[in-house]
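Observations on the three-dimensional arrangement
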Amino acid sequence: MHVWKFGGTSVGKPERMQSIRNLITSDDTRKIVVLSALSGSTNALLAIGESLKANDDADANTKIDALKSHYDNFVSDLYSTAEGKAAGQQIVDKEFSFIRSLTRVKPFTLKQEKELVAEGELLSTQLFQAYLVEEGVASTLLPALEFMRIDADNEPEISYTEQRLADMLPQHQDRQIIVTQGFICRNPRGEVDNLKRGGSDYTASLIGGAIRAEEIQIWTDIDGMHNNDPRIVKNTFPVRELTFDEAAELAYFGAKILHPSTITPARMFGVPVRLKNTIDPAAPGTLIADRTSDQVFKAVAAKDGITALYIHSTRMLNAYGFLRRIFEIFEKYKTPVDMLATSEVSVSVTIDNTEKIKEISEELSAFCTLEEPDFDQTIICIVGNFSADNEGVAVRVFNAMKNIPIRMVSYGGTESNLSLLVHSRYKADALNALNEGLFSL
């Protein structure tokens, strides 16, 4: 069994939804098809929520009218029969009746906001399933709210998903296509919740791991993961093979095609992930698995919004437990550290969340001296096969970056990542320089 996920742009227009039907039925493989909300819907629903939180019901209803009009037109264009159009319109009318009911809930809380935002996925999947019925495809809709749950720490309960799907899937053995929602789930209180933005990738990976799928396919409008950011660098190319570790590094450090959490469940259960292009389905895309090519440099990614903290103390010289004291403070304020560099009497770290930087700095100052933080920094992540036997890796990277100031370096923590910290104003220059120096492009 395969798990295929399609994002918002892939289902955002009726003709694209129709092309997905052709893709998923092009062979006899049984598939769980995970859909995001139609492109723009989640933002529109969040905007409605903002109006409701501000008690501006008139503005909220205006926004609801505009969004419903979009869905009315979508239904008109998606279905070709009177029966199909009626079924689609019934779905839209039902879900928007619920959306309007939320305008009468006072106060409008986070619980209602999550219920509102979930409507994007509930609409797209129901409309798609109705379209498959119109087309005579053997399919069914399996609500994610019946098998996807997070715990008190907002982490998915994959054992729960495993058990629920093991109970539910045998009831649909005669269905080739099983449609479900990405992103949405329930929390420990049984309320509608979600896996955060971009979580449809995560849903697909969790399902793929839970059922031990043959393959997980993430379909977007890009031909796989590229060796560099195509929005900044002109000459890029899709990387054909990556290990789970390499893909995880790239996703975390800025490769937008893949949600950073996606790799974890797939790697846990050894399920390959393939990144495919809905616009060019014949393109091979990128395969993420245990194997990889011998190519030394695979790809470059960049993560913005980084702040660097510089911590000094002579008391750390030949002392044990000093680093623990530092990181206990970051743990206390739930602030992850991205990069770390140390010397005999100093520690430099980077963070991407400055919400608690004042409290962290105050506690560190009790036993350390702090320099002024460097804001507006970017981590440039170079991913590849950097085993100890590969000579000259660092030399090639630093030669490529010879004209760009580097503030920090992280190398040797893994055999797949070399990270550099630069000021964000040098980001584009750094990405282009690495593209030329490492890939001769």
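Our subject is the structure that appears above.
Figured I'd write up the structure that's included with this text. Sequence order as written defines residue numbering, which begins from 1 separately in each chain. The predicted nature of this model means local features are confined to residues of pLDDT at least 70 and side-chain atom pairs, given and counted, to a pLDDT of 80 or more, with totals for whole chains, interfaces and linings taken over all residues. Here the side-chain values reflect all heavy atoms present in the structure, with hydrogen atoms and water set aside.

**Focus on the pairing of strand S16 (residues 408-411)**
As judged from the four bridges shared by S16 and strand S17 (residues 417-423), these two strands associate in the antiparallel manner. Note on S17: the bridge partner recorded for Met-408 is Leu-421. Being paired, for any two strands, means DSSP has found at least two bridges between them. Helix and strand definitions here come from DSSP, where helices need a minimum of 4 consecutive H or I residues and strands a minimum of 2 consecutive E residues; each element is numbered from the N-terminal end. Between S16 and S17, which follow one another and run antiparallel, lie five residues, and Gly-412 among them has a positive phi close to 105°.

**Observations concerning a nonpolar patch on the surface**
Here the term patch refers to residues with relative accessible area over 30% and no salt bridge, with like charges joined within 9 Å and nonpolar side chains (Val, Leu, Ile, Met, Phe, Trp, Tyr) within 5 Å. Computed by Shrake-Rupley with a 1.4 Å probe, the accessible areas treat only the displayed protein chains as cover when residues are assessed. Between Lys or Arg on one side and Asp or Glu on the other, a salt bridge is scored when a side-chain nitrogen of the former is within 4 Å of a carboxyl oxygen of the latter. Taken together, the side chains of Phe-398, Ile-406, Val-409 and Tyr-411 make up a nonpolar region of the molecular surface, amounting to roughly 300 Å² of accessible area. Positionally, Val-409 belongs in strand S16.

**Examining the environment of Phe-244**
Mapped onto the elements of the fold, Phe-244 is located in helix H9 (residues 244-252). What makes Phe-244 buried here is its relative accessible area of 4%. Along the sequence, Phe-244 and Phe-330 sit 86 residues apart, while their C-alpha atoms lie 28 Å from each other. Once you skip the residues sitting within four places of it in the chain, Phe-244 turns out to touch Ile-263, Ala-266, Arg-267, Val-271, Pro-272, Ile-288, Ala-289 and Asp-290. Summary of the burial criterion: residues with accessible area below 20% of their type's maximum are buried, those above 50% are exposed, and those between are partly exposed, where the area comes from a 1.4 Å probe applied to protein chains only. The contact definition used throughout considers only heavy atoms, calling two residues in contact when any of these lie within 4.5 Å.

**Side note on the packing of helix H5 (residues 82-101) against helix H6 (residues 110-134)**
For the pair H5 and H6, the least separation of the axes is 9 Å and the interaxial angle reads 170°. Judged by the inter-axis angle, H5 sits roughly antiparallel to H6. Listed contacts from H6 to Gly-84, Gly-88, Ile-91, Val-92, Lys-94, Glu-95, Phe-96, Phe-98 and Ile-99 of H5 are Glu-115, Leu-116, Glu-119, Leu-123, Gln-126, Leu-127, Ala-130 and Glu-134. Throughout, the ten residues Ala, Val, Leu, Ile, Met, Phe, Trp, Tyr, Cys and Pro are labelled nonpolar, Asp, Glu, Lys and Arg are labelled charged, and all others, Gly among them, are labelled polar. Classifying every residue of the contact of H5 with H6 by side-chain character gives nine nonpolar, three polar and five charged. Structural elements are reduced to axes, namely lines fitted to C-alpha atoms, with helices fitted over the stretch in contact, and the angle between N-to-C directions of any two is expressed from 0 to 180 degrees. For classification, angles of less than 35 degrees are called roughly parallel, those exceeding 145 degrees roughly antiparallel, those between 65 and 115 degrees roughly perpendicular, and all remaining angles oblique.

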